[in-house]
There are 2 protein chains.
Amino acid sequence: MLDLRIANKGDRPRIVVVGAGFGGITAAKGLARFPVDIYLIDRNNYHTFTPLLYQVAAAEIESGQVAYPVRSILRKHDNANFILGDVVAVDFDRQLVKTDELTIYYDYLVLGIGSVSHFFNIPGAEENAYQVKTLDQATALRNQILGCFEHATHELDDIARRRLLTFTIVGGGPTGVEFAGAMIELINGPLRKDFPTLNLREVRVILIEAAATVMGSFASDLQRYTIKRLAKMGVELCLNSKVSRIERGKLLLEDGRSFISETIIWAVGVRANPLAQYWGLRTGRNGMVSVNEYLQAPDHPNVYIVGDLAMIKDDTGPLPMLAPVAIQEGRAVSRNIGRQIVKKEIRPFKYKDPGTLATIGRNAAVAQFTRWKFTGFVAWVLWVFVHLAKIIGFRNRILVLVNWAWDYFFFERAVRLIMPTERRTDNIHRPEQIDLAREKQPSRRD
Amino acid sequence: MLDLRIANKGDRPRIVVVGAGFGGITAAKGLARFPVDIYLIDRNNYHTFTPLLYQVAAAEIESGQVAYPVRSILRKHDNANFILGDVVAVDFDRQLVKTDELTIYYDYLVLGIGSVSHFFNIPGAEENAYQVKTLDQATALRNQILGCFEHATHELDDIARRRLLTFTIVGGGPTGVEFAGAMIELINGPLRKDFPTLNLREVRVILIEAAATVMGSFASDLQRYTIKRLAKMGVELCLNSKVSRIERGKLLLEDGRSFISETIIWAVGVRANPLAQYWGLRTGRNGMVSVNEYLQAPDHPNVYIVGDLAMIKDDTGPLPMLAPVAIQEGRAVSRNIGRQIVKKEIRPFKYKDPGTLATIGRNAAVAQFTRWKFTGFVAWVLWVFVHLAKIIGFRNRILVLVNWAWDYFFFERAVRLIMPTERRTDNIHRPEQIDLAREKQPSRRD
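For every chain, the first residue of its written sequence is number 1, and the numbers climb from 1 along that sequence. For this description, chains carry letters from A and ligands carry numbers from 1, given in the order in which they are written. Selection of residues for local features in this predicted model requires a pLDDT of at least 70, selection of side-chain atom pairs for listing and counting requires 80 or more, and totals for whole chains, interfaces and linings are taken over all residues. For side-chain calculations, the full set of non-hydrogen atoms in the structure is used, while hydrogens and water are omitted.

1. With respect to the overall build of chain A
Here is the rule: The way it works is that DSSP assigns letters per residue, a run of H or I at least four long becomes a helix, a run of E at least two long becomes a strand, and they are numbered from the N terminus. Relative accessibility decides the category of a residue: with a 1.4 Å probe and only protein chains considered, values under 20% of the type maximum give buried, values over 50% give exposed, and everything between is partly exposed. Residue contacts are defined here by distance: any two heavy atoms, one from each residue, within 4.5 Å place the two residues in contact. Here the accessible surface of atoms and residues is derived via Shrake-Rupley with a 1.4 Å probe, and residues count as covered only by protein chains that are part of the display.
Looking only at helices and strands, chain A features 13 helices and 28 strands. Residues classed as buried in chain A amount to 62% of the 446 residues present. For chain A, the proportion of contacts with a sequence separation of at least 24, taken over those separated by at least 6, is 66%. Counting every atom, chain A has about 17500 Å² of accessible surface; 52% of that belongs to carbon and sulfur.

Structural data, given as structure tokens:
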């Protein structure tokens, strides 16, 4: 039993890492090579493989397959510890991190608290739209989708039934596109067989995008391919469509059009976790913390920022909020802290773009690398292998592969289950400060 | 869209099956051979493979692997429909079943609404103990167990920490024994590696049994084997110990002894679902409905009872509340309804005991058949294959096998995740009558 409440007892520097996302996990693993004590804090006991969350929502893979226990990841490192808890405050002057249960001193701090959905002050968006940013949200969305189909089977009123069967996705970026594709394949495959009494021509998947194109960050020929492919699959694409308001079961556009839809999914934008600002860090555009070239926070050379929270530019502009960026930042931060400890000069962070991939559906994806671009089957195979390779844990890889193969060969989805979704450990005492901490990952039930 | 609210429209008899447990599912599948319309109602959209629920609680398999979508099971039968809903009342005179959203007429009714935990009026048991009867309960218990370990890592007070690390199971029947074995292997295997800072000698798994032996329904040499095996594994077995009261974190025995334990699991007894009585059925011992030799309810020749709700005797006494009984009853009922429809004489139900199996831990189980008894490795291999064969769905079988093999060869548990547990579909309107229906599967959060 380690008493975390008292200050650093040992001779070794104590490094606290907040957030077990891609950045935090990578930093903690990298730091474990050094003679330091590491404390990784997260509100979940698992790391979430966020790029596949949309597949959880689309009933393609089980929630357990995108979640990996943090303790397993840290297990082989004797000097890396995990603390389950919500960080409620950070005192940068006294170098203390306060969770809902503990106060812990740090010599170095790595903040990887990620991002939350950005609703751009659109009225009703936060209250009435589903999100796909956390595992809870993805599972809740899966329940909602399957529940709508169940209710539609005995809904006699045409309008009410069509409302249940209309799924409106806001945002034509990779998340929105991938989810739209997965939804339409879920409908045309397994749900067609599961709901023989439903007229599936009443089902609509609508993708709303404010810009004139989808996948803004990809090359224009890949955008055109995506648009053609979505149309072919049956997704109704509304470009140049700005959302003005979301009501319960209704989405309104600025041009006056509206969509009656029981399920509205918000896949638009993200902004940095507002906790950073609460904790007193100077934040800029999109709530992010502008770090220096070494990824250090302003005024705090022993505080490093990684992942979606960090604002850093290279020749091509600000780095995107993507897993590869977070992973490379985590690696760089662990190296710089290692150098700081032995009083060596630290090194600037340099991002190497590994390329981006997005899948649209069966045999259809887009891939963009510095020199090459691919679409269709080749890009799709690339996507499959890159994502399989990245999933932490050999066992999860096998299970995800079984699910994908099942889907691919039998047009079948594994997990069409309306399952429990709220965490419950009410026997365990949890203090009140939890409210602030929940801001970290706002969800519909907050 | 079928209008279920109006009376039988077609020429074909309409059969309503309430409950998608072993009895209900088997009856519905058997009935699908006849020229009838079948409506299977359940509050979950999945069938739960209850014999493996304790493995979900012990973080051995994922919840999705013991749950199978009902629509998949019925998919190949054009005349079998599924309705997701809570049955709130049955009108046996007007032949109507009311769910929270629909009223549906039946010509024949099959009731398979199962059983709930029996607390024998022991004060505090229902409020303060965990159960393993539903998937929600199993998932909640897994969260609780893992949460206790997480909290223990930073609990400095010795007594509070030992309380967090004491797991008390009430009931030495197969469920209690299987869960105790799975718990101790979870602790000695994965948790030992996950929590290197904890002193695992502080962890206790206590099994409380009122009788002088465990596994009362098995032969006495199998009972002795089980007792020896549990002791060898490290389970503290308290025989002749009657529980007098359960408080939050404390269990008291009639002889004055008490156990301080954050997690108390109720694996004692079951009684028939009290809904049957609310609906006006004449119930007897343990809330069960005494059916005739054809499994018909008293006074209602078109109402059949299957599974845990049905009270029926053979030469050896009342049939036990077990899956094989429910499955054979479901099959018999479907045949009898088929005969009734064509005005043939119906046939009495005859139970064929296929033998019973219970696993204690790695390479250790007991198996009892009419002529043979096995213990140890042979029984354990039998247990593995019988349960794998029974799990519905080829894909689930593969996934469960992967998890078991993983556990067996690497002493590792797959799913040590503290995951969401409450169903959430709050966007979908649910009327108020739900309260009564929740009685069906009382759980800690009711």
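Text resumes after the structure shown.
2. Quick look at the packing of helix 5 (residues 135-152) of chain A against helix 7 (residues 174-194) of chain A
When two helices pack together, you describe them by how their axes are tilted relative to each other and by the distance separating the axes. Residues and elements named next belong to chain A. Convention followed: Between N-to-C directions, angles span 0 to 180 degrees; the directions come from axes that are lines fitted to C-alpha atoms, helices contributing only their stretch in contact. Angular relationships are summarised with four words: roughly parallel below 35 degrees, roughly antiparallel beyond 145, roughly perpendicular across 65 to 115, and oblique for the angles in between. Handedness of a helix crossing follows the sense of rotation of the near helix relative to the far helix, less than a right angle counterclockwise being left-handed and clockwise being right-handed.
With their axes 13 Å apart at the nearest point, helix 5 and helix 7 run at an angle of 40° to one another. By the criterion of interaxial angle, the relationship of helix 5 to helix 7 is oblique. Here the hand of the crossing between helix 5 and helix 7 comes out right-handed. On helix 7, the residues touching Leu141, Ile145, Leu146 and Phe149 of helix 5 are Phe179, Met183, Leu186, Ile187 and Leu191.

3. Structural notes on the pairing of strand 5 (residues 80-84) of chain B
Residues and elements named next belong to chain B. Note the following rule: We call two strands paired when DSSP finds no fewer than two bridges between them.
For strand 5, the tally of buried residues reaches 5 of 5 residues, placing the bulk of the element in the interior. Alternating positions in strand 5 separate into two faces, Ala80, Phe82 and Leu84 on one and Asn81 and Ile83 on the other, with burial throughout. With 5 bridges connecting them, strand 2 (residues 37-42) and strand 5 associate as parallel partners. When the sheet's bridge partners are listed, Tyr39 is paired in strand 5 with Asn81.

4. Side note on the sheet that holds strand 1 (residues 14-18) of chain B
All names here are of chain B. On the basis of which strands lie adjacent, the open sheet formed by 6 strands has the order 5-2-1-9-21-20 and mixed pairing. Both outer strands of the open sheet, strand 5 and strand 20 (296-297), are each paired with one neighbouring strand and no more. Pairing geometry for strand 1 and strand 2, over 5 bridges, is parallel. Each bridged residue has a counterpart across the sheet, and for Arg14 the counterpart in strand 2 is Asp37.

5. Section: helix 7 (residues 174-194) of chain B
All names here are of chain B. Operational definition: Residue count minus one, scaled by 1.5 Å, sets the expected span of a helix. One axis is fitted to the seven residues ending at the residue and one to the seven starting there. The bend at that residue is the angle between these axes.
Along its 21 residues, helix 7 runs 28 Å from first to last C-alpha, staying within 8% of the 30 Å computed at 1.5 Å per residue. Along its length, helix 7 shows its largest kink, about 35°, at Ile187, and proline Pro190 lies within four residues downstream of that point. Buried residues dominate helix 7, accounting for 15 of its 21 residues.

6. A short note on the side chain of Ser117 of chain A
All names here are of chain A. Formally: N or O atoms within 3.5 Å of each other form a polar contact, as long as, within protein, one can give a hydrogen and the other can take it, and as long as residues adjacent in sequence are counted only when both atoms are side-chain atoms.
Structurally, Ser117 is set in strand 10 (residues 115-118). A polar contact is formed between the side chain of Ser117 and the side chain of Gln131, at a distance of 2.7 Å. Beyond its immediate chain neighbours, meaning those up to four positions away, Ser117 contacts Gln131, Lys133, Trp266, Gly269, Val270 and Arg271.

7. Re the environment of Ile61 of chain B
Residues and elements named next belong to chain B. The topology assignment puts Ile61 in the loop between helix 2 (53-57) and strand 4 (67-69). Taking relative accessible area as the criterion, Ile61 reaches 0% and is therefore assigned buried. Along the primary structure Ile61 and Val402 are separated by 341 residues, whereas in three dimensions their C-alpha atoms are 9.4 Å apart.

8. Considerations on the packing of aromatic side chains
Rules: Two aromatic rings, drawn from Phe, Tyr or Trp (for Trp, its six-membered ring), form a pair once their centres lie within 6.5 Å of each other, and the interplanar angle then sorts them: stacked below 30 degrees, edge-to-face above 60, tilted otherwise.
Tallying each qualifying case throughout the model produces 12 aromatic pairs over all chains. Measuring from ring centre to ring centre gives 5.7 Å for Phe149 of chain A and Phe167 of chain A, while their planes differ by 10°; the resulting arrangement is stacked. One end of the pair, Phe149 of chain A, is in helix 5; the other, Phe167 of chain A, is in strand 11 (residues 166-170), with 18 residues separating them in the sequence. Here Phe149 of chain A falls in the buried class, since its relative accessible area comes to 0%. Both rings, one in Phe149 of chain B and one in Phe195 of chain B, keep their centres 5.5 Å apart while their planes meet at 40°; by these two values the pair is tilted. Linking Phe149 of chain B in helix 5 (residues 135-152) with Phe195 of chain B in the loop between helix 7 and strand 12 (204-208), this pair joins segments that are 46 residues apart in sequence. The exposure class assigned to Phe195 of chain B is buried, which follows from its relative accessible area of 3%. In textbook terms, an aromatic cluster arises when at least three aromatic residues are bridged by ring pairs, as seen for Phe149, Phe167 and Phe195 of chain A.

9. Quick notes on the pattern of salt bridges
Any two side chains of opposite charge can pair, on the condition that their charged atoms come close. For clarity, the cut-off: In the sections that follow, a salt bridge refers to a side-chain nitrogen of Lys or Arg positioned within 4 Å of a carboxyl oxygen of Asp or Glu.
Considering all chains together, one arrives at 28 salt bridges over all chains under this definition. Across the salt bridge formed by Arg248 of chain B and Glu262 of chain B, the nearest N and O atoms sit 3.3 Å from each other. Here Arg248 of chain B is found in the loop between strand 14 (243-247) and strand 15 (250-253), whereas its partner Glu262 of chain B is found in the loop between strand 16 (258-260) and strand 17 (263-266), with 14 residues between them in sequence. For Glu262 of chain B, a relative accessible area of 6% puts it in the buried group. Residues joined by salt bridges that share partners form a network here, namely Asp158, Arg161, Arg162 and Glu202 of chain A.

10. Brief notes about unusual backbone geometry
All names here are of chain A. One non-glycine residue with positive phi stands out, namely Asn286, at about 65°. Look at Asn363: it is not a glycine, yet its phi comes out positive at around 60°. If you trace the backbone, Asn363 turns up in the loop between strand 25 (356-361) and strand 26 (364-368).

11. Quick look at the nonpolar core
Short version of the rule: As used here, the term nonpolar core means buried Ala, Val, Leu, Ile, Met, Phe, Trp, Tyr and Cys residues forming a set that is joined through side-chain atoms within 4.5 Å. As annotated, the domain borders come from an automatic or database domain assignment.
Among the nonpolar cores identified, the biggest contains 71 residues, and Phe149 and Phe179 of chain A are the most heavily contacted of them. Split by domain, this core shows at least three residues from each of two domains, domain 1 (14-117 + 271-353 + 424-438) and domain 2 (120-268 + 355-410) of chain A. Ignoring any residue separated from it by four or fewer positions in sequence, one finds Phe179 of chain A in contact with Tyr54, Ala57, Ala58, Leu141, Ile145, Ile169 and Ile265 of chain A. Formed by 70 residues, the second largest nonpolar core is a distinct cluster that contains Phe179, Tyr225, Ala323 and Ile360 of chain B.

12. Describing the sheet that holds strand 8 (residues 103-105) of chain A
Residues and elements named next belong to chain A. Ordered by their spatial adjacency, 3 strands build an open sheet running 6-7-8, and the pairing between neighbours is antiparallel. Edge positions in the open sheet fall to strand 6 (87-91) and strand 8, since each of these has one partner strand only. The mean inter-strand angle of the sheet, taken between neighbouring strand axes irrespective of direction, is 20°. Strand direction decides the pairing type here: strand 7 (residues 96-99) and strand 8, joined by 3 bridges, are antiparallel. When the bridges of strand 8 are listed, Lys98 appears paired with Thr103.

13. Observations concerning helix 10 (residues 323-341) of chain A
Residues and elements named next belong to chain A. Between the first and last C-alpha of helix 10 there are 27 Å, a value that for 19 residues agrees with the 27 Å anticipated at 1.5 Å per step. Burial of helix 10 is extensive: 16 of the 19 residues sit out of reach of the surface. Just past helix 10, the residue Lys343 takes up positive phi, approximately 60°.

14. Digging into the confidence of the model for chain A
Test applied: Residue-level confidence of the predictor is what pLDDT reports, using numbers from 0 through 100.
Summarising the model, chain A shows a mean pLDDT of 86, and 87% of its residues fall at 70 or more. Confidence over residues 421-446 of chain A falls short of pLDDT 50; this stretch has 89 contacts with residues more than four positions distant or in other chains.

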